[in-house]
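Next come the chains, spelled out residue by residue.
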Amino acid sequence: MTQIDTIANRAGASLSPDERAAVDSVPTGLYIGGQWRTTARTLPVTDPATGQVLCEVADAAPADGLAALDAAAAAQADWARTPPRERSEILMRAHRLLLDDADRLGLIATLEMGKPLAEARGEIAYAAEFFRWFAEEAVRLDGGYMTAPAGGSRFLVARQPVGPSLLITPWNFPMAMGTRKIGPALAAGCTCVVKPAEQTPLCTLALADILERAGVPAGVVNVVTTSDPGALMTPMILDERSRKLSFTGSTAVGKKLLEQCARTVMRTSMELGGNAPFLVFDDADLDAAVDGAMAAKMRNIGQACTAANRIFVQRGVLDEFARRLAARMGELPMGRGTEPGVVVGPLIDADAVAKVTGLVADARSRGARVLLGGEPVEGPGNFYPATVLVDVPDEAEMCHTEIFGPVASLTPFDTEEEVVSRANDTPYGLVGYVYTESLRRGLRVCEALETGMVGLNQGVVSNPAAPFGGVKESGLGREGGLTGIDEFLETKYIGVQL
């Protein structure tokens, strides 16, 4: 089966009974103070593979956002006093509920976002791990006790929840990005208001239902869906009761949010855009490098901030690497994510297809060669085929912005010093990838790359037990790992005179 064999199957597709049951199982209101609320307006949720409207969900107005903040603020004191063990056990129950319901939740994610079903189920397992990880961290929050250097007094150091937190999640990993933010917030003792992406609200609404079943008290987690995030979020951000904002999304939007947060000096975590370099040296295991490139490029159809955006290959192995990569990508079946064997699903919307189409056209006009793909697919649905470009010049637009699609951009390099300089020549610094069999070179290059994360001979770095985040314009703070819960804690010093 080739990458276009299944395309005809999507025309006129209607939901199967299992698909309709999965969509209908999700509450469609706002979740505020432990209650589901309807709104005067609704927001359509669309299947990006067919253009079909799956359902309508509540479309919150600014007053609804403030009502959610009211609920979070009212619940904050009691939740902060809840014993860590109790918070931990609630998160562990939520972890188990997610795993037990992975088939239904994965289907929901595929229908509203488009990713293949096997990958969607993998996201549910990944999402559940954040709840387990932070359940374990909830009971390990520590402080300190020391004698003042001059003697006579003692220093006590306590860590306390920062308070009501605003959590804004993206459309590309709607379940995992929800648990990656909600998990540490709840473990630390913070209540929250969650605003999911307009394109993919169903996963977050399903997650709210699961958290309620796991025993989260009313008001601790609130979910507001909207077609106008700016109007909804601005009053909450400027309200002094909001003490934390965690955002995953574009750098441009992140900068605007930071400006708003500065007005109340709100704590922020920002996981923003990337422009990941993927470096293949001539001593690399090419089979492993191709495997890594497939993982780093094609995860979520290329719609990931960690996706390999600029693939630099040492000149002596460029042709062979390109040949192998094009052969692998050319075998990927494309179609609706619910179809068996599909690997390349639709992009999120028509704007995403237009962006990728424009970036490929620009690269070609600057001399890039097309080894595979390179042309959009006619509708219905938002499809773009797996594409491999070679000799993409550094001046091409795709070298300076996230492609966010299944396009591998290859360019040659000659020396280590040269490729490190080119890799770092970007305002972004989320993740980089290095393939070499030389340990010395690998460590040198990993240390020299201006990124918050590096995969050395591996194409996937995301792990709930590891700190996720970037430097430069790729963000502030870290999610996951031992430091992830710190983003939701304040440090308090208490001086005691003896």
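Here the structure is shown first, and the text comes after it.
Quick look at the structure, then. From a predicted model like this one, the values you see are computed outputs, not experimental measurements. (Residues numbered from 1 in each chain as written. Predicted model: local features only at pLDDT ≥ 70, side-chain atom pairs only at ≥ 80, totals over all residues. Heavy atoms only, no water.)

1. As for the overall build of the protein
When you go through the protein residue by residue, the secondary structure sums to 14 helices and 22 strands. Relative to its length of 498 residues, the protein is compact, with a C-alpha radius of gyration of 23 Å against a globular reference of 23 Å. For the C-alpha atoms alone, the extent of the protein along its principal axes is close to 70 × 65 × 40 Å. Per-residue burial over the protein gives 58% buried out of 498 residues. The long-range share in the protein, meaning contacts at least 24 apart out of those at least 6 apart in sequence, stands at 74%. By element, 53% of the accessible surface of the protein is carried by carbon and sulfur atoms, the whole surface being about 18,700 Å². Of the charged side chains in the protein, 46 are positive and 62 negative; the average position of the first set lies 5 Å away from that of the second. (Helix = DSSP H or I, 4+ residues; strand = E, 2+ residues; numbered from the N terminus. Rg over C-alpha atoms; globule rule 2.2 N^0.38 Å. Buried < 20%, exposed > 50% of the residue type's maximum accessible area, 1.4 Å probe, protein only. Contact = heavy atoms within 4.5 Å. Areas by Shrake-Rupley, 256 points an atom, 1.4 Å probe, with all protein chains shown as cover. Lys, Arg positive; Asp, Glu negative; His and termini not counted. Charge placed at Lys NZ, Arg CZ, Asp CG, Glu CD.)

2. Examining the nonpolar core
If you look at the biggest cluster of nonpolar residues, it comprises 66 residues, and the most contacted ones within it are Ile182, Leu186 and Val221. Take this core: its biggest share by element is twelve residues, from helix α5 (residues 117–138). Not counting residues within four places of it along the chain, the set of residues in contact with leucine 186 comprises Trp79, Arg87, Leu91, Cys192, Val216, Val220 and Val221. Residues Leu286, Val356, Ala368 and Leu430 belong to the second largest nonpolar core, which totals 62 residues. (Core = buried A, V, L, I, M, F, W, Y, C linked by side-chain atoms within 4.5 Å.)

3. Things to note about the side chain of serine 88
Looking at the secondary structure, you find serine 88 in helix α3 (residues 84–100). When its relative accessible area of 5% is taken as the criterion, serine 88 is described as buried. Not counting the four nearest positions on each side in its chain, serine 88 is found in contact with Ala135, Glu136, Ala138 and Val139.

4. As for the sheet that holds strand β12 (residues 276–280)
Strand order in this open sheet of seven strands is β14-β15-β16-β13-β12-β18-β19, and the pairing throughout is mixed. A single partner strand is all that each edge strand has here, and the edge strands are β14 (369–372) and β19 (453–456). For this sheet, the mean inter-axis angle between neighbouring strands, taken without regard to orientation, is 20°. This element, helix α10 (residues 286–298), spans β12, β13 (308–314), β16 (407–413) and β18 (431–435) of the sheet and lies at about 170° to β12. Strands β12, β13 and β16 of the sheet are contacted by helix α13 (residues 416–424), whose axis makes an angle of about 140° with β16. (Pairing = 2+ DSSP bridges. Axes fitted to C-alpha atoms, helices over the stretch in contact; angles between N-to-C directions.)

5. What to know about unusual backbone geometry
A cis amide bond links glycine 379 to the next residue, proline 380, at an omega of 10°. Within the element layout of this structure, proline 380 appears in the loop between β14 and β15 (387–390). Positive phi outside glycine occurs at isoleucine 301, with the angle close to 65°. Topologically, isoleucine 301 is positioned in the loop between α10 and β13.

6. Observations concerning the packing of helix α2 (residues 62–81) against helix α8 (residues 229–238)
For the pair α2 and α8, the least separation of the axes is 8 Å and the interaxial angle reads 40°. Relative to α8, the element α2 is oriented oblique. Between α2 and α8 the crossing geometry is right-handed. Taking contact as the criterion, the partners of Pro62, Gly65, Leu66 and Leu69 in α2 are, on α8, Ala231, Leu232, Pro235 and Met236. Broken down by class, the residue content of the contact of α2 with α8 amounts to seven nonpolar, one polar and no charged. (Parallel < 35°, antiparallel > 145°, perpendicular 65-115°, else oblique. Left-handed = near helix turned anticlockwise from the far one by under 90°. Nonpolar A, V, L, I, M, F, W, Y, C, P; charged D, E, K, R; others polar.)

7. A look at the packing of aromatic side chains
Summed over all chains, the structure comprises seven aromatic pairs. A centroid spacing of 5.2 Å and a plane angle of 90° characterise the contact between phenylalanine 155 and tyrosine 493, whose relative ring orientation is edge-to-face. With phenylalanine 155 in strand β6 (residues 153–161) and tyrosine 493 in strand β22 (residues 489–497), the pair connects residues that are 338 residues apart, well separated along the chain. A relative accessible area of 53% places tyrosine 493 in the exposed class. With centroids separated by 5.2 Å and ring planes inclined at 25°, the aromatic side chains of phenylalanine 278 and tyrosine 435 adopt a geometry described as stacked. (Phe/Tyr/Trp six-rings, centres within 6.5 Å; stacked < 30°, edge-to-face > 60°.)

8. Side note on the packing of α5 against helix α6 (residues 176–188)
As a packed pair, α5 and α6 sit with axes 8 Å apart at the nearest point and diverge in direction by 10°. With respect to α6, the axis of α5 lies roughly parallel. Here Glu123, Tyr126, Ala127, Phe130, Phe131, Phe134 and Ala138 of α5 lie close against α6, whose contacting residues are Ala176, Met177, Thr179, Arg180, Ile182, Gly183, Pro184 and Ala187. Along the lines of polarity and charge, the residues of the contact of α5 with α6 split into eleven nonpolar, two polar and two charged.

9. Focus on the sheet that holds β22
Across the sheet, which stays open at both edges, the three strands sit in the order β5-β6-β22 with antiparallel pairing between neighbours. Strand pairing shows two members of the sheet lacking a second neighbour, β5 (144–147) and β22, which therefore form its edges. Going across the sheet, the axis of each strand differs from the next one's by a mean of 20°, ignoring polarity.

10. Examining α2
Over its 20 residues, α2 runs 30 Å from end to end, which matches the ideal 28 Å to within 8%, given 1.5 Å per residue. Where α2 is concerned, the buried positions are Asp64, Gly65, Ala67, Ala68, Leu69, Ala71, Ala72, Ala75, Gln76 and Trp79. (Expected span 1.5 Å × (residues − 1).)

11. Some remarks on helix α1 (residues 17–24)
Turning to α1, its buried residues are Glu19, Ala22 and Val23. Take α1 and look down its axis: the buried residues cluster within an arc of 95°, on one side only. Structural note: α1 exposes Pro17, Asp18 and Asp24 on the side pointing more than 90 degrees away from its buried face. Buried residues in α1 make contact with β4 (53–58) and α4 (102–113). (Arc of directions from axis to C-beta.)

12. Topic: the pattern of salt bridges
Here the structure, examined in full by the defined rule, presents 34 salt bridges. Close ionic contact of arginine 336 with aspartate 47 constitutes a salt bridge, the shortest N to O distance being 3.1 Å. Taken together, the residues arginine 336 in the loop between α11 (315–330) and α12 (350–365) and aspartate 47 in the loop between β3 (42–46) and β4 connect sequence positions 289 residues apart. Summarising the burial analysis for this pair, arginine 336 and aspartate 47 share the class buried. In this structure, the salt-bridge partner of arginine 121 is aspartate 103, at a minimum N-O distance of 3.4 Å. Of the two residues, arginine 121 sits in helix α5 while aspartate 103 sits in helix α4, which places them 18 residues apart along the sequence. Residue classification places aspartate 103 among the exposed residues on the basis of a relative accessible area of 53%. Put simply, Arg180, Lys181, Glu271 and Glu479 are held in one network by salt bridges that share partners. (Salt bridge = Lys/Arg side-chain N within 4 Å of Asp/Glu carboxyl O.)

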